[in-house]
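Chain by chain, the residues run as shown.
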Amino acid sequence: MLNTIAFLVLGCAIILGAFSVVTVKNVMHAAYWLLEVAVAVAGLFYFMSAEYIAILQLLVYAGAVGMLLVFTVMITRRSRIDNERPAAFSLFALLASALLFAALAYGVLQSPTFAVRAAPATVSMLTFGRTLFSTDGWVLAFEIASLLLTVALVAAVWWTKDRDD
Amino acid sequence: MNPWLVALLRALLILVVMLLNGSLAIYMVRKVLGHAHLRLGPTELGPAGIAQVIADIVKLLTKEDRHPNRSDRWLYLIAPFIVFVPSFVAFSFIPFTDKLVAANPEMSLLMMLAFLAVPPLGIFAAGWSSRSKFATIGAMRAIGGMVTYEIPLLLAAIPPVILAGSANLQAIVLAQSHSIWYILPCLPSFVIALICAQMETNQAPFDMTEADQELVAGFSTEYSAMRFGFMYLAEFAGNFTFAALIVSLFLGGWTLPGISATALGPFAVLVFVAKCYLLIFLFMMVRGTYSRYRVDHYLEVGWKRLLPFSLAWIVVFAAAVRIIAMLKGGA
């Protein structure tokens, strides 16, 4: 009962937010709608007993990515008047999103877990860490990702420093 | 009992505690900062000026709720709540005693930190939408500062988690009551957490977003009445939340060394609140003592000193924990 209501509220919030991200003309408003979507998705994860994913969603998407978006908008606009973006209708974008939706819907409906509705299993931080860092788990992918991020970081520092010579 | 009713009552209780904390903090900030500056603070209303708080609240509640003509209306109106609501949620994870905690999920420490990451976005919204130069500069600084100091804060919370073996604030407090307060083995983390807390709560020497002498009142320059009140309430709640976080992580939470939880009984909550306010007092004394950093220095301290230091300290700490565990296992 409680879960169903929470699901409905959060689901509506996500759909409304996602719709607004696309339709709102002001880019800053769009960024804040995206933030709302991220928070609502985190809530959804929480109600599905995926506490850890909810926290990551909040920290990474609402915190870091939201911050990044806002930062980008802030430093690329010369005046706050050109916050407005043109509302251009694109048939190609519509087609592409329809295709993506169809593919995702097909994938979800085909997947065996969709019908089963597995009982909610709370993944503790311990199991999560063990899976992430064990050699038969995801440790290789994890290390490759962190190497990639380090490379990006070094490149960014190199890019921003003075190169007058 | 009806779960909705329980949730509602808990939320109301947190709100009441937040309001009480806010009104106490208004008085405290005036008196402590006043005396730190060899002033008296409020003296006229009531004994030692204590009724000044009531006058302040009445003023906030009755003033006109205005907004600048060319402000970004939608964001401007909603921004105080983007600041207030996450602060409110973060407040609910504070473990006042072993039973008195509004919400106690398994990873309450991470939850609290995650929610504490959101208010700067509200501060940015407030500053940006005001369409005032002071507010915009304050907003930009809020974002820059938050990006800088969020990471060392998260890293500072790791050593207590390693020692306690849990990311639940309650479990960390209990683990400390069985061994020692984590301020001793994790002293560098404690110092880093203090610095980051001082920054995240926008207090001098890191009050970049407000910086009275440079930016009038920074992000909140254009705000008035209760919208201003909500942002300040959130800020004072933030002070308390950060103090509570540090008390729980490093200073034993609601426990006292040598006294069992059952013996402490109802006084546990007093112990906890007293510790928190002592820490807030320390924050305020720092705020009254040191002058403000320059913005570039402030970012430099974060990126070039605190961040590498916290990373190195975690490696050292984790290695030491491992070695001690091996020695104990070997002996």
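Residues numbered from 1 in each chain as written. Chains lettered and ligands numbered in written order. Predicted model: local features only at pLDDT ≥ 70, side-chain atom pairs only at ≥ 80, totals over all residues.

J.: Is there a simple way to explain the overall build of chain A in this structure?
T.: Along the backbone of chain A there are seven helices and zero strands. Taken from the N to the C terminus, the helices and strands of chain A come in the order α-α-α-α-α-α-α. Long-range pairs, those at least 24 residues apart, make up 52% of the contacts in chain A between residues at least 6 apart in sequence. (Helix = DSSP H or I, 4+ residues; strand = E, 2+ residues; numbered from the N terminus. Contact = placed C-beta atoms within 7 Å.)

J.: Is there a simple way to explain the interface of chain B and chain A in this structure?
T.: One frequent convention defines the size of an interface as the accessible area lost when the parts assemble. Tallying the contact residues gives 22 residues for chain B and 20 residues for chain A. If you list the elements that add at least two residues to the side of chain B that touches chain A, you get α3 (73–91), α4 (108–116), α5 (119–129) and α6 (133–156) of chain B. Here the side of chain B that touches chain A is built from residues that sort into 20 nonpolar, no polar and two charged. (Nonpolar A, V, L, I, M, F, W, Y, C, P; charged D, E, K, R; others polar.)

J.: Could you clarify how one ought to interpret the nonpolar core in this entry?
T.: Among soluble globular proteins, nonpolar side chains are generally buried collectively. Ranked by size, the top nonpolar core spans 114 residues in total, and within it L109(B), A139(B) and I246(B) carry the most contacts. Look past the residues within four positions of I246(B) in its chain and what remains in contact with it is A193(B), L194(B), A197(B), L251(B) and L279(B). (Core = buried A, V, L, I, M, F, W, Y, C linked by C-beta atoms within 7 Å. Buried ≥ 20, exposed ≤ 12 C-beta atoms within 10 Å, placed from the backbone.)

J.: Would you mind going over the environment of G165(B) with me for this structure?
T.: Following the sequence through the fold, G165(B) ends up in the loop between α7 (158–164) and α8 (169–178). Considering only alpha carbons, one finds G165(B) and V89(B), 76 residues apart in sequence, at a separation of 24 Å.

J.: What should I look at first to understand α5(B) in this one?
T.: Owing to its 3.6 residues per turn, the α-helix brings residues three or four apart onto one side. The buried fraction of α5(B) amounts to 11 of the 11 residues, a majority that puts the element mostly inside the structure. Here α5(B) has its buried residues at P119(B), P120(B), L121(B), G122(B), I123(B), F124(B), A125(B), A126(B), G127(B), W128(B) and S129(B). Contacts from the buried residues of α5(B) go to α2 (27–47) and α3 (51–76) of chain A together with α3, α4, α6 and α11 (225–250) of chain B. Downstream of α5(B) by a residue or two, R131(B) has a phi angle that is positive, lying close to 55°.

J.: Looking at this structure, I do not really get unusual backbone geometry. What am I missing?
T.: Leave glycine aside and you will find that most residues have negative phi; peptide bonds, for their part, are mostly trans. All names here are of chain B. Located in the positive-phi region is L38, a residue other than glycine, with phi close to 60°. Summarising the element assignment, L38 is placed in the loop between α1 (3–36) and α2 (52–62). On the neighbour-count criterion, L38 (6 C-beta atoms within 10 Å) is exposed.

J.: Sorry if this is basic, but what is going on with the domain arrangement of chain A here?
T.: Split into domains, chain A comes out as domain 1 (2–82) and domain 2 (124–165). Centre-to-centre separation of domain 1 of chain A and domain 2 of chain A, based on C-alpha positions: 25 Å. (Domains from an automatic or database assignment.)

J.: What is the right way to look at the packing of α1(B) against α2(B) in this model?
T.: The description of two helices packed together rests on the angle between their axes and the distance between the axes. All names here are of chain B. In the contact formed by α1 and α2, the axes pass within 9 Å of each other and the chain directions differ by 120°. Where α1 crosses over α2, the two elements pack in a sense that is right-handed. The residues of α2 that touch α1, namely those facing S23, I26 and Y27, are Q52, V53, D56 and I57. Split into classes, the residues belonging to the contact of α1 with α2 amount to four nonpolar, two polar and one charged. (Axes fitted to C-alpha atoms, helices over the stretch in contact; angles between N-to-C directions. Left-handed = near helix turned anticlockwise from the far one by under 90°.)

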